[in-house]
Structure formats: C-alpha cells, structure tokens
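Take a look at the letters that make up each chain.
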Amino acid sequence: MDMQKLNKNVPFQSSPGTLYRLFKNEPEWLSGNVRQIHLKPNEVLFEQDESGNSMYVLMEGVLGVRCVTDEGHVLELDRLGEGAYVGEMSLVTGQPRVATVYAVVSARLVEVTRELLLRLMQGFPALKDELIRVVEPRIQRTQLAGMLADLIGEMDPVLLRRLQEELVWRHVRAGEVLIRQGEVLEGVMLVVNGRFRVIFPRANDSIVVREIIPGEFIGEFTAGEKNIHTTTVVAVRDSEICLLKQETFNQLQEEFPHLRNQLVHSLVRRIRESITRSQPTSKMALAVVPLVSGLPMREIAQQVQNALAKWGLTLMLDSERFDEMFGLPGASELPPDHPFAPVVNRWLMQREQDNRFVVFVADEKWTEWSSRCLRGADRVLLVTRAGEHVVYSEVGERLRHERLLTQQDLVLVDADGEEVGETAVWLQHKPFNARHHARLHHEQDWERIGRFLTGKQRGLILSTGGSHALAHIGSLRAIEEQNIFIDFVAGVGMGAILGALYLCYPDRKKREAWLPRLIAAIQPLSRSLIPFSRGYYLRQLLPLWEEMYGDTRIEAMRIPLWCLVEIDSQGKPVFMEKGRLADALNMSLRFSLNFGQFDKVQKLLVKQFLPCGSLILFDVLTGYGKHWPRWVHYFRKGHFLHNLAGRLFSVKETDFNTLLQQAKEDNLLIHVPLSDVPLVDFGMVDEIIARGYVYTLERLQAWQKDYL
C-alpha cells in the first residue's frame, strides 16, 4: 500500500466542526430518520476497502484508525476525538474506505447520508465551505501527486509538498476563455481535468492550433518576466487547472535548480506525443445526446459502452443510474450554483479518474442533467434515426442554438436491415466532425464507432494505376480471408472505383461478377490520351455506375468512402462528401486521368489519413516507368507525345514506408510488384489479381504476427 497516499486520505479532524455543534446544541436534528450508532470497545464502524455512501460525526468517545498493508502488516494510524468527521472522503468521491475505523472506548456517532447532508447544506451554507475546506485539499493533493509524478518523474518530496502548497486551483466553465491573445500570463498553469483549445485569432476567422489535455502545461513557452500570450485559450468542457504564479515559479527554480530541466524534458516529450497522438486521447468523457424523441437511448448507450469496453474500463451514466450510484434521488438535477454541486462535481471527476471512458446519456428534455452531460464531455455523439424528417427533441432543438466547442459526431441509427436510411437531410442543418451509420442490434457497427472514438480505426488506401489497380481485387480477397476489419476506404481513380465495389458488394462472388464489364468499360479510357475522347468514355461509364450502385449516395454508405476528386489551390486534397456515388466515381476518375502526378496524389492521401488510426496502403505504381505503352516507342525522345507519356506514366520511387512508419509502426505498406506489367495492358488480369492476392497475404500474415 502507498503510505503517502494513505496518510492523505485517512479521515482526521482535530477540532469540533459545524455538524458536531449542530447535533450537540440542537438535538431535534437527531430525531426522525437520523441514525445514531453506538459502538462497544473494539467494535468496528467500517472495514478497509468497504464501499460507503455516508459519513459520520463522532459525538462521544474515541475512535482508532488502522490499515493492513499489501504485505499483511497491521498499522495503527490515528486516534479521533469528539467532533471528528469520519468517512467523508467516501461520501464525496464514492471511493472505497481507505482504512478500518473502530471504537477504542464506547462511542456514539451520527450517520450523515448524502440526502441529510444536502438538507443541512441548504439550511447552513457555512457547512458547504467547511466540508470543501476539509475534503478538497485531500482530493487535490492526491490528484496532483499522481499527475506530477507521471509528468515530471521522480520528485523531491520537499518540492512536491511546496508545489502542493503553492498551486492555486481554479474551475473553468465550458466555453469560458482562460487566456486571451495579448494578455499577460499570471504564471504557469497545469491542466488537471477537462480540455482546452488553443486558437489563433485572425481578422475574419481563427485557426485551431491544438487541444490541451490533462497533464499538459499552459504558459510554459514564455517563462520571462513579462509573459504575453500569443494565442487565445478557451475551455472546451468544464475543466480544472492549477496555477503556479510567476514569482513563486522563479523562487522554486532558485531553490530547486533541476526543476527547469525536468519541465524542459516534459515539454519535449509532450511535443513528440502531440505529433503522433491520434485524437481522442486515452481517457474520454463522452456525451450521447438524442436529437429526436422516442429513441431507445439506454439500449444505444449500452451498445456504445460495450464497444468502448473493449479498449478499457467504461462506465455508463444516465440521470437515473447516476442518482442510484450517487445515493441521492434527484442529485442529477441539481443546478451548478447549488450548495451541494461541488460534491456532485467531485464525485463525477473521480469516476473519470477511475475509468478510461465515461458515457453520459443526456435526457430528451433540456434538463440540468443534459446540460451537465454536454458541459462535461470531451466528445458528443448526436443520435438520430436515419431517413426521417428533421424533427428535433427538446434537447436537440436547444443544441441548434447552442454553440459547443466540443467535437460532435452524428450517429444515424438505421433499421436492422441492410438498407441505409436518408442522411443528407441531417447534414444540411449542422456541421459534424464525422458521421456514423449503425443498426441497433448489429454489434459490428457499434464496434466500428468505438474504434473511431478511440482512434483505433483501420483505413484502406487504394492507389490508382490502370490495369495495375486490379491487383486490389486479389488484395481484398486476402484481407477478407484474414478477417481484418476495415473502417474506411480512401482512393482516387481506379482505387476509388474498386473501393466502392468492395464496400457496396460485401459478397465476393457478387463483387467479382462485375469485373468483366468493369474492365471492358475502363480499358479504352485508360488508353486514351485525347481529352475530348476521355469525356466521351467517362459519359459511357455513368450508366454502368448507375446500374451497379443505383442512387446510392456517398454520405449514406455504412462504411465511409473518401473519394478524392480534386486538389485545391493550397495543395490540399478535396473529397466528395455528399452526392451520388456514381458522380463521385466519375469525378475521381477524371481527376486521376487529368492530373497525372500519381506519386503526389498518393503522398497526399497518405498524409491526409496518417492521424486516423492505422493504415493499409496499397501502392501499385512505385517503380513503374520502364514499361510504357508500346506506342510511345514510335516517337523519338523529345517528341511532345513522348514527353506527355513520361508525365502521365512515370512514377518516381517514393518511400511511402518511411512516411508511414514515422507516424505509426502498425501502418502497413503493400507494394505489389508489377513493374514488368504495362500500365494499360488488361490482357494479364488474372496474373495481376493473383500477384495482388499472394503478395498481400504474405505481408498481412507477417503484419498480424507483429502488431495484431
């Protein structure tokens, strides 16, 4: 057992408090439902590690406090006299008892439940301040000690004690600006709970620089005498910080010279982690909010909880379950300014400390609980039914006018059949960070959402490349045989076409039955270099796409397809996010034929999706260039058609593997060796598909052994 932690948490009070004086001087409070407990010598009040939802006031006698260490040693820790509070830490935080309390001599105690404490706080406002004064420092010291140890490493106990004494705690509400651009900083701030966003304001808009999470500093970049902040920092959710004032910080650096070096090392490590960190981070509070009425929210939240539980301990709380666990009916509806609100806040913060994920389930109506869910969330899932008209619930209507900084995802719950409901109608009303389709009773759909929420999603990037792209067919066979889940597909040209085929036709036989017609339609287009003839062939493809996919819309695909259709003036990839799938495929194919710089397109796709979990990248072009179409050789070197072929068909060696591995080790590059196959030769289809299958199978098996 950590004795330092134990000493901070063992209940102790050296002088009589408000409750003791109240029960002593006004005995009428002891009538009715208030329970008095009489203990004989050596009789136990409660045991170490027991759960507890109440505290006690010692009215007469003496109590002893002891604990059993991990090695089995029994340690006597304290003696408590009249007026002492016992067990208040468990009442506030919901944690198990940290020690055993027993009677040294005959003792009389009064039990104070949460319900009684709430009534007392309403009648005696000073009691709130007293309880906070007793309990808050213990909670804060415990939280801070663990956080500083993780952040800075082994620390001088004297320095730790000084930091705990000097740090000033502050609660910051969701949406509140902590620092404005140009303001002079008071000192260095440590984020203890919550999340902040760093914004660089401009004339007409602002740029989001990054987000700051628990364990990170604000203000460590400018440690001079006058610290002027160059950005604005705003709370994304209800948060807590510790402020170390500048003059105190300077004094501590003189007393403890190694402190600066520890902070510098911490900063370097944080920068490295921020480069490779996939959002969200390891711990997360998630709010699940019904946009419409009548949704089975408990069942939906249970599916979300089950999906997240695969990645860590997960707690699901709706208003009813919170009241039950907290032990006080109606506690979920207490407003933020209520005297008992700090106790509720501490209890919820402790649940976030104890669990990797906490899923808050908002009510349909705009209640105090719904407001609390949104204020305390790192991320919000807005849930609705796919396919219905936009008719908002009360909480959904409120959100239309509420400006949330929290990242918001749209979840469309479909019927349990294969059809996906209408999506576009919802996307017209509000911008979302991401959209997800899920059938209520299909666990794999919710597991995919869970992977997106935890940054564990796996993406497939399919390259373009004429006949070479058909290697993807064999590669997809290997992926299915190895039972590797795919959460999104990105591609351009032929890569997008084969990605759509893979997503819309999960059955392999049905999917590959389209190949002869697909190849026959693509082949003349691949060989055409005259722009107007390409337009003709592209128009001929449209009826085929419509026959294959009907009116399928790209935003309504259950597994997302990112179809690259353009590169903007700033060199950033543009994806078609809404509209008919048939139109998206034609636009992507036209772009791939006209742009020609295949290696640049491939790099852009890789960089775009590097932060998105792990990637499987298929490259069928690198190294190609020796085997151009035969007609090229009819023209001398320097002829404009020869130069045009060089621009269109040559691909420089690109070390995608280095790019992928620098970001994350479990990314995988599969470069199917096809340099001996002409890019527009569709006479070797079976050979190309077979190579894709064999090579991909070998690479996947090695990859699964190392990383999965």
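Residues numbered from 1 in each chain as written. Predicted model: local features only at pLDDT ≥ 70, side-chain atom pairs only at ≥ 80, totals over all residues. Heavy atoms only, no water.

Chemist: Looking at this model, I keep getting lost on the packing of aromatic side chains. Mind explaining?
Modeler: To describe a pair of aromatic rings, you give the distance between the ring centres and the angle between the ring planes. Counted according to the given criterion, the structure contains 10 aromatic pairs. Measuring from ring centre to ring centre gives 6.1 Å for F360 and W369, while their planes differ by 70 degrees; the resulting arrangement is edge-to-face. The pair F360 / W369 is uniform in exposure class, with both members buried. Summarising the aromatic geometry, the rings of Y505 and Y549 are spaced 6.3 Å apart at their centres and angled 50 degrees between planes, so their arrangement reads as tilted. One end of the pair, Y505, is in the loop between α17 (494-504) and α18 (508-512); the other, Y549, is in helix α20 (residues 531-549), with 44 residues separating them in the sequence. Looking at Y549, the relative accessible area reads 5%, which means it is buried. Ring-pair connections join several aromatic residues into one group, and the members of that group are F322, F326, W347, F360 and W369. (Phe/Tyr/Trp six-rings, centres within 6.5 Å; stacked < 30°, edge-to-face > 60°. Buried < 20%, exposed > 50% of the residue type's maximum accessible area, 1.4 Å probe, protein only. Helix = DSSP H or I, 4+ residues; strand = E, 2+ residues; numbered from the N terminus.)

Chemist: It is not clear to me how helix α16 (residues 471-481) should be interpreted in this structure. Could you clarify?
Modeler: An α-helical turn contains 3.6 residues, so any two residues separated by three or four positions project in the same direction. The buried fraction of α16 amounts to 9 of the 11 residues, a majority that puts the element mostly inside the structure. Among the residues of α16, A471, H472, I473, G474, S475, L476, R477, A478 and I479 are the ones counted as buried. A positive backbone phi angle near 55 degrees is found at N483, which sits one or two residues after α16.

Chemist: Would you mind going over the sheet that holds strand β6 (residues 85-86) with me for this structure?
Modeler: Adjacent strands of a sheet pair through backbone hydrogen bonds, lying either parallel or antiparallel. Across the sheet, which stays open at both edges, the 4 strands sit in the order β1-β8-β3-β6 with antiparallel pairing between neighbours. Pairing within the sheet leaves two strands with one partner each, and these edge strands are β1 (36-39) and β6. Where strand β3 (residues 54-60) lies against β6, 2 bridges are found, and the strand directions are antiparallel. Within the sheet, the bridge partner assigned to Y56 lies in β6 and is V86. Where helix α2 (residues 18-25) meets the sheet, it contacts β3, β6 and β8 (107-113), and its direction lies at approximately 55 degrees from that of β3. (Pairing = 2+ DSSP bridges. Contact = heavy atoms within 4.5 Å. Axes fitted to C-alpha atoms, helices over the stretch in contact; angles between N-to-C directions.)

Chemist: Any chance you could explain the packing of α16 against α17 here in plain terms?
Modeler: Pairs of packed helices are described in terms of their axes, by the angle between the two and the distance that separates them. Look at α16 against α17: their axes get within 11 Å of each other, and the N-to-C directions meet at 35 degrees. Considering the relative orientation of α16 and α17, their crossing is right-handed. In this structure, α16 contributes H472, I473, L476, I479 and E480 to the contact, and α17 contributes G495, L498 and Y502. Here the residues of the contact of α16 with α17 sort into 5 nonpolar, 2 polar and 1 charged. (Left-handed = near helix turned anticlockwise from the far one by under 90°. Nonpolar A, V, L, I, M, F, W, Y, C, P; charged D, E, K, R; others polar.)

Chemist: How should I be thinking about the confidence of the model for the chain in this particular structure?
Modeler: Should pLDDT be low for a region, the predicted coordinates there are not to be read in detail. The pLDDT averaged across the chain works out to 79; a share of 78% of its residues lies at or above 70. Low confidence marks residues 1-14, where pLDDT is under 50. Its contacts with residues over four positions away, or in another chain, come to 43 contacts. Of the regions scoring below 50 in pLDDT, residues 623-643 engages in 35 contacts with residues more than four places distant in sequence or in other chains. (pLDDT = per-residue confidence, 0-100.)

Chemist: Honestly, the sheet that holds strand β10 (residues 177-179) in this entry has me stumped. Any pointers?
Modeler: In space, the 4 strands of this open sheet follow the order β10-β15-β12-β13, with antiparallel pairing throughout. The open sheet has two edge strands, β10 and β13 (206-212), and neither has a second partner. With strand direction ignored, the average angle separating the axes of adjacent strands in the sheet is 30 degrees. With 4 bridges joining them, strand β12 (residues 196-201) and strand β15 (residues 232-235) adopt antiparallel strand pairing. Bridged to R197 within β15 is V234.

Chemist: Where do I start with the side chain of D445 in this structure?
Modeler: Position of D445 among the secondary structure elements: in helix α15 (residues 443-454). In this structure, D445 is in contact with H437, A438, R439 and R558, ignoring residues within four places of it in sequence.

Chemist: Can you walk me through the packing of helix α10 (residues 319-326) against helix α11 (residues 341-354) in this structure?
Modeler: The contact between α10 and α11 brings their axes to 12 Å, and the two run at 100 degrees. Overall, the two elements α10 and α11 adopt an arrangement that is roughly perpendicular. On α11, the residues that touch F322, M325 and F326 of α10 are V343, V344, W347 and L348. (Parallel < 35°, antiparallel > 145°, perpendicular 65-115°, else oblique.)

Chemist: Can you walk me through a nonpolar patch on the surface in this structure?
Modeler: On the surface, F200, I207 and V209 cluster together to form a nonpolar patch covering roughly 240 Å² of accessible area. Within the fold, V209 resides in strand β13. Classification of V209 by relative accessible area gives partly exposed; the value is 47%. (Patch = residues over 30% accessible without salt bridge, like charges linked within 9 Å, V, L, I, M, F, W, Y side chains within 5 Å. Areas by Shrake-Rupley, 256 points an atom, 1.4 Å probe, with all protein chains shown as cover. Salt bridge = Lys/Arg side-chain N within 4 Å of Asp/Glu carboxyl O.)

Chemist: Could you clarify how one ought to interpret the environment of E687 in this entry?
Modeler: With respect to the helices and strands, the residue E687 is situated in helix α25 (residues 685-707). Sequence separation of E687 and L674 is 13 residues, and the distance between their C-alpha atoms is 9.9 Å.

Chemist: Would you mind showing me how to read the pairing of strand β24 (residues 488-491) here?
Modeler: Remark: a regular strand shows side chains that alternate across the two faces of the sheet. Across the two faces of β24 the burial is the same, with F488 and A490 and V489 and G491 all buried. As defined by bridge partners, strand β23 (residues 458-462) adjoins β24 across 4 bridges and the pair is classed as parallel. Considered in β24, the bridge of L462 is made with G491. Handedness of the crossover joining β23 and β24 through α16 is recorded here as right-handed. The sheet contact formed by β24 and strand β25 (residues 561-567) spans 3 bridges and is parallel. In the strand pairing of β25, A490 is matched with W562. (Right-handed = clockwise from strand over helix to strand, strands pointing away.)

Chemist: I would appreciate a short explanation of the environment of M494 in the present structure.
Modeler: With respect to the helices and strands, the residue M494 is situated in helix α17. Once you skip the residues sitting within four places of it in the chain, M494 turns out to touch S463, T464, G465, G466, A469, L470, I522 and L589.

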